Structure formats: C-alpha cells, structure tokens
Amino acid sequence: MKHLDVIIIGAGISGLSCAASLIKNPLCNNLKIGIFEKQNRLGGRAHTIKYNNTNFELGAGRYSPELHPNVHQLTIDFHKEVEEFPFIDLKHKGKHITFVKNTLERLRRIKPPNTETSFYNFLCLNVGIKKANLIIGVLGYDSLYLPYISVSTGYDIIEKHPETQSLVGHDKRQWFNLKEGFSSVINSLKDLIEQRNVSIYQEHLLHNIVYNPDSSTLSFQTPNNQIIHYNCKYAILAIPPSFLDKIDPQFPKAWSQFNYESIPLFKSVLYYKQPWWKKYKLEDSIYILNNPIRRLYFKSDKYLFFYNDGKQADYWNKIVSTKPDEYIDQIHYLISKELNINEAIPEPIVHIEKYWSKGVEFSTNYSDDHPLVLENTQQNIIACSDAYTSHCGWMEGGIISGKKAASVLLEKINKAHTKQSNLALAL
C-alpha cells in the first residue's frame, strides 16, 4: 500500500488544470499529489500529430478568445504562437445558405412548446420534415437530430462553431489554432506541474475504489498487468461521465440529478504529394457535403481532412475497421461527386484516422443550475469534466471544471486545517 495526499484520475485538460491550480496554493505546499492516466500519452481529446513538418489536431482543433478565455490565457501564459483558423466561410455549393440563415433567424423568435422539445422536432413543427432535414444537412452537425438536443442547445451548437456561426449572426467572431498544436499546451502544463514535484503515472488504469471513513483506496492496473494500491485523503476523478459510470454503479444517482449522454466523432486527415485541390481553388475552404463525409476542409497546400459526428462517425469507423481497402476510394468518390471533380484524385501518401466513441459527453438536461463539478459527499470524492459545463466538447469546459474541482478541494483542505488547529488550541 502506497500513500498520496491527493490523487487525480485523468491527465486530460481537466486533470492537468486542476493540478496546476492546486500547486499555486500554499495549502498544497507539503502535500503529495499524483496524477494517474490510463493512456500512454497526456491530453485526452487534445491530441496533436505531426507529419512532414505540419501539425494536425485529431482532437481539439480551434478556439475563440471570446468563447474560450481560459484557453486563450494558457496560450498567453505559455507564449504559444497562434494562427488564424481559416474555416469560417461556409460553402454548400452556394445554395440553401440564405434560406437556412433566414429560417434560423425567424425561428429564434418563436418560443418552443416546452423545454423538452428537441431542436429537430422544433424545426419539423415550424418548417416540415423535408426542410428540417435540409437545414441540418446544410449545418453539417448530425447530432442536431438527437431527441435530447433541446432548442437552446441546438442554437448553442450552431453559435459555438466557426463553420456555422455566420448563420446566426456571429460573422465577426475570431478563431485560432496553435502553430505547435494543442498538445504543446498539454506539455507545458505537464512541465509546470512536474516542477512542483507532482508525480504523473501513465498507463495506469483505475481498477477499483474502496471508500473508507477518512480516506480512499484506489487500485490501478499497470502496463505489466500488476495491480497496485494507493491510499489517499482526497481523490478527484477528472474523467468523463461514461467512465465514471463504470467506476461507480451508483452514478449518476449518487452524484447528480442530471443524466448524461455522448456522441461519437470521427476525424481523418489525408496528405498528398501535390495539393491537387489548388487547381479548383479549394484551399482554405470548408464544404458541408450532403453525404457521409459531411464537413470537408482543404488546409492551404498542406492536407485535406474531414470531420463528422453521430451515425456518420460510426459509418466511417466501420469502413476503416472492416473494409480498409475501400476507404480511400469511397472518400475520393464522394468528394468528386459532390464537388464535380471530373479527374481522378491521386492516392494520398499518408492518411490518419481517429474515432472517438465518446467524442463529446454532455448532460441531456443541462441548465444554468448544473454544478461545474459533481461531489459524492458520502465518499468525499470530486468529479470534474467538460461535460458538466456549457462548454461540453471544448477544452474551455475542461479547464473551468478542473479549476472548480481544485477550488472545492482547497476549501475541504482549509476546513480540515482549521479544525485541526482549533483542536490543538483546545488541548
């Protein structure tokens, strides 16, 4: 049995932000803090890859200083070079855009029948099924079909994505990405944390938690399949609801009055010997396609990539898993058909895919009353995740929740110190 004062499970942006907040406070100067991560890398859904001296984000890909001030502050604190994210001029063969924009503006002034009305049903009630499908087809986010995406959440999704923000009156909002990639922020956080003697353990899978009256015992499976045990006074689970569900059979009842869901995401990048798309003047353009590709991006003369969610994400994951030889041919066929490219598209020299089975996690009934962290008060455990914020699916939410978890923990530590001091004075 080993001992740590504070254990943080998860080295994504939530867990690392939590640790970075803790080490700034004098209350933690003498505490032993450990972070445990199940993967062999840090960052969670912040995942940058590099090929041919270019960076590509398999996870978090852009941020807006207006919407994501905490992310923006990290880029300043760590002196990260940024560049403008070019994909804000939505294209869909030029048609239907005006209709969608005018319809979204008009419907926003109509109150839905009740708070449980889904965004898709709201569209169907007001414009009919055919036009509702057309609108979501143009927007390119198939999660908008889901029955638990409310009207307000639907508009929130449209507003908070650079590709669609202009359709709801946010043409001027700026977006950026990092020249070194978002993983560089993760690495800077790691360096900052380790300078304060916080230990980070990778490839340690949380196996079990045993709750004691004044502490918890956490068991981990190591890379060589050994089980090791740590006792700690405080534990923070910086993990998404889907994993918390596996750890605690009482989730969410023992933690929250809310319920949680997730949607899958799929992202693919293709590198070519020559940027064939420049001949068609497609560089730095995004097209919403009415086929399984959905959102197609041409990044200057570097690469092209596509990104989708929901059923389309599952569709591409199945092809990659079961029919890999057909994968590239299918992509090229769909691009050529939709963009009227009559010449054969050359084979890519490299293609990389990432399927996130739980790409975005969120509360199905999110409200302003939703806590930024969850607490199981009987077991003295804190859980943080972007899923508990209005920024679910964005690094901003992870930072907000991680900082809040640190604040809650510091309050507990301060109370314990005060109680101990009063007891000593009484004696």
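Every value quoted in this text rests on a predicted model; they were computed, and no experiment measured them.

### A closer look at the packing of aromatic side chains
Tallied over the full model, the rule gives 32 aromatic pairs. On the numbers, 5.8 Å between centres and 85 degrees between planes, the contact of F119 with Y155 is edge-to-face. Highlighted residues: F119 in helix α4 (residues 119-127) and Y155 in helix α6 (residues 151-159), separated in sequence by 36 residues. Assigned by exposure class, F119 and Y155 land together as buried. Ring geometry for Y315 and W316: centres 5.2 Å apart, planes at 80 degrees, overall edge-to-face. One aromatic cluster is present, built from ring pairs that chain together Y51, F56, F85, F87, Y271, Y297, Y303 and F305.

### Considerations on unusual backbone geometry
The peptide bond linking F251 to P252 adopts the cis configuration, its omega dihedral lying at 5 degrees. In the Ramachandran plot, N52 falls in the positive-phi region, its phi being about 55 degrees despite a non-glycine side chain. Tracing the sequence through the fold places N52 in the loop between β3 (48-51) and β4 (54-57). Residue classification places N52 among the exposed positions, given a relative accessible area of 61%. The phi dihedral of N53 is positive, around 65 degrees, even though this residue is not glycine. Considering the arrangement of structural elements, one finds N53 in the loop between β3 and β4.

### Observations regarding the pairing of strand β1 (residues 2-9)
Both faces of the sheet carry side chains from a regular strand, because those side chains alternate between them. By the criterion of burial, β1 is predominantly enclosed, with six of the eight residues buried. Two elements, β1 and strand β11 (residues 227-237), share seven bridges in a ladder whose sense is parallel. Opposite L4, over in β11, you have C232 as the bridge partner. Alignment of β1 against strand β2 (residues 33-36), held across four bridges, turns out to be parallel. The residue of β2 that forms the bridge with V6 is I33. You can see the chain leave β1, run along helix α1 (residues 13-23) and come back into β2, and the turn it takes is right-handed.

### A word on a negative patch on the surface
Taken together, the side chains of D325, E326, D329 and E347 define an acidic patch exposed on the protein surface. Its location among the elements puts D325 in helix α10 (residues 324-339).

### So, the pattern of salt bridges
Evaluated as defined, the whole model comprises twelve salt bridges. K415 serves as the salt-bridge partner of E411, at 3.8 Å between the closest nitrogen and oxygen. Within this pair, E411 and its partner K415 are both found in helix α11 (residues 395-426), separated by four residues, close to a single helical turn. The exposed category is assigned to K415, whose relative accessible area is 55%.

### Details of the sheet that holds strand β6 (residues 90-91)
Spatially, six strands are ordered β6-β13-β14-β15-β12-β16 in an open sheet, and the strand pairing comes out mixed. One side of each edge strand has no neighbouring strand; the edge strands of this open sheet are β6 and β16 (350-363). Across two bridges, the pairing between β6 and strand β13 (residues 285-288) is parallel. When the bridges of β13 are listed, L90 appears paired with I286.

### Quick word on the nonpolar core
Within the largest apolar cluster, 46 residues are counted, with the highest numbers of intra-cluster contacts made by F56, L104, F119, L139 and L144. For this core, the elements supplying multiple residues, two or more each, are α3 (97-107), α4, α5 (129-139), α6, β12 (260-271), β13, β15 (303-309) and β16. No other element matches α4, which puts six residues into this core. Not counting chain neighbours up to four residues away, the residues in contact with F119 comprise L104, L144, I149, S150, V151, G154, Y155 and I158.

Each value, and the rule that gives it
Residues numbered from 1 in each chain as written. Predicted model: local features only at pLDDT ≥ 70, side-chain atom pairs only at ≥ 80, totals over all residues. Heavy atoms only, no water. Phe/Tyr/Trp six-rings, centres within 6.5 Å; stacked < 30°, edge-to-face > 60°. Helix = DSSP H or I, 4+ residues; strand = E, 2+ residues; numbered from the N terminus. Buried < 20%, exposed > 50% of the residue type's maximum accessible area, 1.4 Å probe, protein only. Pairing = 2+ DSSP bridges. Right-handed = clockwise from strand over helix to strand, strands pointing away. Patch = residues over 30% accessible without salt bridge, like charges linked within 9 Å, V, L, I, M, F, W, Y side chains within 5 Å. Areas by Shrake-Rupley, 256 points an atom, 1.4 Å probe, with all protein chains shown as cover. Salt bridge = Lys/Arg side-chain N within 4 Å of Asp/Glu carboxyl O. Lys, Arg positive; Asp, Glu negative; His and termini not counted. Charge placed at Lys NZ, Arg CZ, Asp CG, Glu CD. Core = buried A, V, L, I, M, F, W, Y, C linked by side-chain atoms within 4.5 Å. Contact = heavy atoms within 4.5 Å.

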